[in-house]
Amino acid sequence: MKRLAVLGFPVGHSRSPAMQTAALAELGLGEEWSYEAVEVTSEAFAGFVPAMAARGFAGANVTVPHKRAALELADEASEASRAIGAANTLSFELAEDGGVPASEAGEAAVAIRADNTDAAGLIAALPGSPKEGGALVLGAGGAARAAVWALARDGAEVAVWNRTAERAEEIAAELGASAVAAPAAADYALIVNTTAVGLRGEDPFEHLPLAPEAFEPGQVVVDMVYGEKPSGLLAAAARRGATVVDGLEVLVQQGALSLEIWTRRKAPVGTMRAAARG
Ligand code: ATR
């Protein structure tokens, strides 16, 4: 059995096990591969991950709060994860000299490889290319870093707004975007909310520099926040005729890309979406 897991703290609410288990079954890999949620504390993470290969794990998704730590303990890292400074996907591969005992326990040498599929997952979740019309990213945390890097890399002109303006200026300077203090929604073809606003049901328009009537048809609005109902931000955007994408769609797309890294098979995105929403 090849084991896969999502590592987080807490992780009980994660949709990844349902989504990935359905995908493995659809690919006919249900007998060979498994996917589970594993709660790992920040203190335990650096000790837990290097021991995973010996326990039969081929890879793992990594979620809050471990994405930075995951990159730090990797032997190799993709360009995306290095630029973003975080990894959401780990693969355990036999090292170049695989088979040579790496420890007195006689385990084979394993290299930990880090990828970041949050970035490409966001791009895959969009209905079209972000290149035309400019993009506004709200927030300056880890999710914002992945979004800004992905959009800039795809050729979009990216503006970053954050409640704490200095953080917006920092990530803009580092990732090739510009910071903006008072954005006008109509100036952007794409708006991506990566802040935690809306997570607890609060009114997004009290905290974000947007008005509920500011959206328009033709615009795409993404909210990384997701729950049972559309977020307040997406509900308002949809009412004005904008195209909306929720965080669950981004989760599905990043999960599909992670699965492709581990199995080298085309991911069944429709099955994964249905399982994630089910
Ligand atoms: P993540 O890694 O998930 O992006 P994070 O690093 O904790 O999480 O970042 C959370 C983001 O949400 C930040 O951009 C934060 O703004 P600050 O940098 O000013 O803290 C933003 N955020 C959280 N609560 C907010 C609120 N009530 N209003 C506006 N922004 C908020």
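The rules behind the values
Residues numbered from 1 in each chain as written. Predicted model: local features only at pLDDT ≥ 70, side-chain atom pairs only at ≥ 80, totals over all residues. Heavy atoms only, no water. Near = heavy atom within 4 Å. Polar contact = N/O pair within 3.5 Å; in protein donor to acceptor, adjacent residues only side chain to side chain. Areas by Shrake-Rupley, 256 points an atom, 1.4 Å probe, with all protein chains shown as cover. Nonpolar A, V, L, I, M, F, W, Y, C, P; charged D, E, K, R; others polar. pLDDT = per-residue confidence, 0-100. Contact = heavy atoms within 4.5 Å. Pairing = 2+ DSSP bridges. Helix = DSSP H or I, 4+ residues; strand = E, 2+ residues; numbered from the N terminus.

**Q** Would you explain the site of the ligand in this entry?
**A** Near the ligand there are 13 residues, and of these Gly 142, Asn 162, Arg 163, Thr 164 and Arg 167 occur at the shortest range. At 2.6 Å, a side-chain N or O of Asn 162 approaches an oxygen atom of the ligand. One nitrogen or oxygen atom from the side chain of His 207 is found 3.3 Å from a nitrogen atom belonging to the ligand. Relative to its unbound accessible area of 650 Å², the ligand is 69% covered by the protein chains. Looking at the shell around the ligand residue by residue, the classes come out as four nonpolar, seven polar and two charged.

**Q** Would you take a moment to explain the confidence of the model for the protein for this structure?
**A** A low pLDDT means the predicted coordinates there should not be read in detail. Residues at a pLDDT of 70 or more form 95% of the protein, whose mean pLDDT is 94. Considering only residues more than four positions removed or in separate chains, one finds that residues 98–102, a stretch of pLDDT under 50, has nine contacts.

**Q** Explain the sheet that holds strand E10 (residues 190–193) here, please?
**A** Sheet strands pair via backbone hydrogen bonds, and the direction of the pair is either parallel or antiparallel. Taken in spatial order, the six strands make up an open sheet running E9-E8-E7-E10-E11-E12, and their pairing is parallel. Looking at strand neighbours, the two that pair on one side only are strand E9 (178–179) and strand E12 (243–246), the edges of this open sheet. Sheet topology places strand E7 (residues 135–138) next to strand E8 (residues 158–161); four bridges connect them, and they run parallel. Looking across to E8, one finds that Val 137 is bridged to Val 160.

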